[in-house]
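The chain contents come next:
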Amino acid sequence: ICADSTKFFDLVIQCNPPSCQLDLTSASVTSNQTVCANVAIQDIIYSFGGEATNVTVTGLPTGLSTSINAGVLTISGTPTQTGVFNYEVTTTVCATNVVQQGTITINSLPTVSSLTSNTPICVGSDAIFTINGTAGSVVSYTINNGANQTITLPTSGQVAITVTAPTSDVIILLSNISLNSCSSTLTNTTTVEVKPVPSVTSLTSNTSICSGSDATITFDAGCGLGGPFGGGPNAAPSSPEFTDVII
């Protein structure tokens, strides 16, 4: 190398070990995503190399799993646990390990716990349906197979739907409930029966009678009269006739 063979120099070769590498290779939004319970997440993918021969993952919710293949880590699955989960991916073996962090938020699916009504009612009264469910949710429903309508459950989680003075039976069908981009299909249904207003169409008696004889009163009741004298569990049949009422 040198023209003068009597002169020498030292050549020092320093070997720098490969750096520790860990990178998110899936879309940036995947490391900070919000999903609904029982709905699969978007796969979260990291690549690792250099000094890093493996990675560990902590903080994942139940239902998610990890797989490693040829320097690629994939986080996937369907979460069954709700809440906010801050996870960490950490390289191993490196002189200084690299850490990548992310957040997975899992929201609960909204639900309807009950659907009730004020059935039966008389003609002229209002039909009232009461829904109980997750506060803040939007419920979709139809009345008698009509146009789709929506109503929001307030902070109490209870809301009433009123149909003013129907003249025939009213059927409500719930089809969907949604909250924070999470939704569930519903099939809840109930009916308010509308009864005619009861009436008495005739009233007769065996007047006049002699002292000591029984007084017999006969009356015909219009459709909808319940019980011998209205109301109660022993409802009378349509257009009943009551006789031999002795006073």
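Above this note sits the structure.
Criteria and thresholds
Residues numbered from 1 in each chain as written. Predicted model: local features only at pLDDT ≥ 70, side-chain atom pairs only at ≥ 80, totals over all residues. Heavy atoms only, no water. Salt bridge = Lys/Arg side-chain N within 4 Å of Asp/Glu carboxyl O. Pairing = 2+ DSSP bridges. Helix = DSSP H or I, 4+ residues; strand = E, 2+ residues; numbered from the N terminus. Axes fitted to C-alpha atoms, helices over the stretch in contact; angles between N-to-C directions. Disulfide = S-S within 2.5 Å. Buried < 20%, exposed > 50% of the residue type's maximum accessible area, 1.4 Å probe, protein only. Core = buried A, V, L, I, M, F, W, Y, C linked by side-chain atoms within 4.5 Å. Contact = heavy atoms within 4.5 Å.

A. Structural view of the pattern of salt bridges. Taken as a whole, this structure holds one salt bridge when the rule is applied. Lys195 serves as the salt-bridge partner of Glu193, at 3.7 Å between the closest nitrogen and oxygen.

B. Representation of the pairing of strand β5 (residues 64-69) in the model. Relative to strand β6 (residues 72-77), β5 runs antiparallel, the two being bridged by six bridges. Bridge pairing links Ser67 to Thr74 in β6. Where β5 folds back on β6, the antiparallel hairpin that results is connected by two residues, among which Ala70 adopts a positive phi of roughly 50°.

C. Up close: the sheet that holds strand β8 (residues 99-107). With mixed pairing, four strands are arranged side by side in an open sheet as β2-β8-β7-β4. The open sheet terminates on both sides in strands that have one partner only, identified here as β2 (32-36) and β4 (54-58). With direction set aside, neighbouring strand axes in the sheet form an average angle of 20°. As defined by bridge partners, β2 adjoins β8 across five bridges and the pair is classed as parallel. Opposite Val35, over in β8, you have Ile106 as the bridge partner.

D. Structural view of the state of the cysteines. Scanning all chains against the criterion turns up two disulfides. Covalently, Cys20 is tied to Cys94 through a disulfide, its sulfur atoms 1.9 Å apart. Measuring handedness by torsion sign, the sulfur bridge of Cys20 and Cys94 sits at about 70° and is right-handed. Here the residue Cys20 occupies a position in strand β1 (residues 20-24), and Cys94 occupies one in the loop between β7 (83-92) and β8, the gap between them amounting to 74 residues. Two residues, Cys36 and Cys182, share a disulfide whose sulfurs are 1.9 Å apart. Disulfide Cys36 to Cys182: torsion about the S-S bond roughly -105°, handedness left-handed. Pair noted here: Cys36 is in strand β2 and Cys182 is in strand β16 (residues 182-185), with a separation of 146 residues, a long-range link. Looking at Cys182, the relative accessible area reads 0%, which means it is buried.

E. Summary view of the nonpolar core. Counting residues in each nonpolar core, the largest one holds 21 residues, and the members touching the most others are Phe129, Ile131, Val139, Ile172 and Leu174. Elements that contribute at least two residues to this core include exactly β9 (112-117), β11 (127-133), β12 (138-143), β14 (158-163) and β15 (170-179). Excluding anything up to four places from it in sequence, Ile172 contacts Leu115, Phe129, Tyr141, Thr142, Ile143, Ile161, Asn188, Thr189 and Thr190. Core analysis: the next-biggest nonpolar cluster, separate from the first, contains 19 residues, Ala37, Ile44, Ala52 and Tyr87 among them.

F. Spatial organisation of unusual backbone geometry. The omega torsion across Thr119 and Pro120 is -10°, close enough to zero to call that bond cis. Structurally, Pro120 can be placed in the loop between β9 and β10 (121-122). Despite not being glycine, Asn144 has its phi angle at roughly 50°, a positive value. In this fold, Asn144 is placed in the loop between β12 and β13 (149-152). With a phi angle near 40°, Ala165 is a residue other than glycine that sits in the positive phi range. Within the element layout of this structure, Ala165 appears in the loop between β14 and β15. Note on Ala165: relative accessible area 33%, which makes it partly exposed.

G. Region of the structure containing the sheet that holds strand β3 (residues 44-50). Taking strand neighbours across the sheet as the criterion, the four strands line up as β1-β3-β6-β5 in an open arrangement whose pairing is antiparallel. Looking along the sheet, the strands with just one partner apiece sit at the ends: β1 and β5. On average, each strand axis in the sheet is tilted by 20° relative to the strand beside it, whichever way the strands run. With four bridges connecting them, β3 and β6 associate as antiparallel partners. By the bridge assignment for β6, Tyr46 is matched with Leu73.

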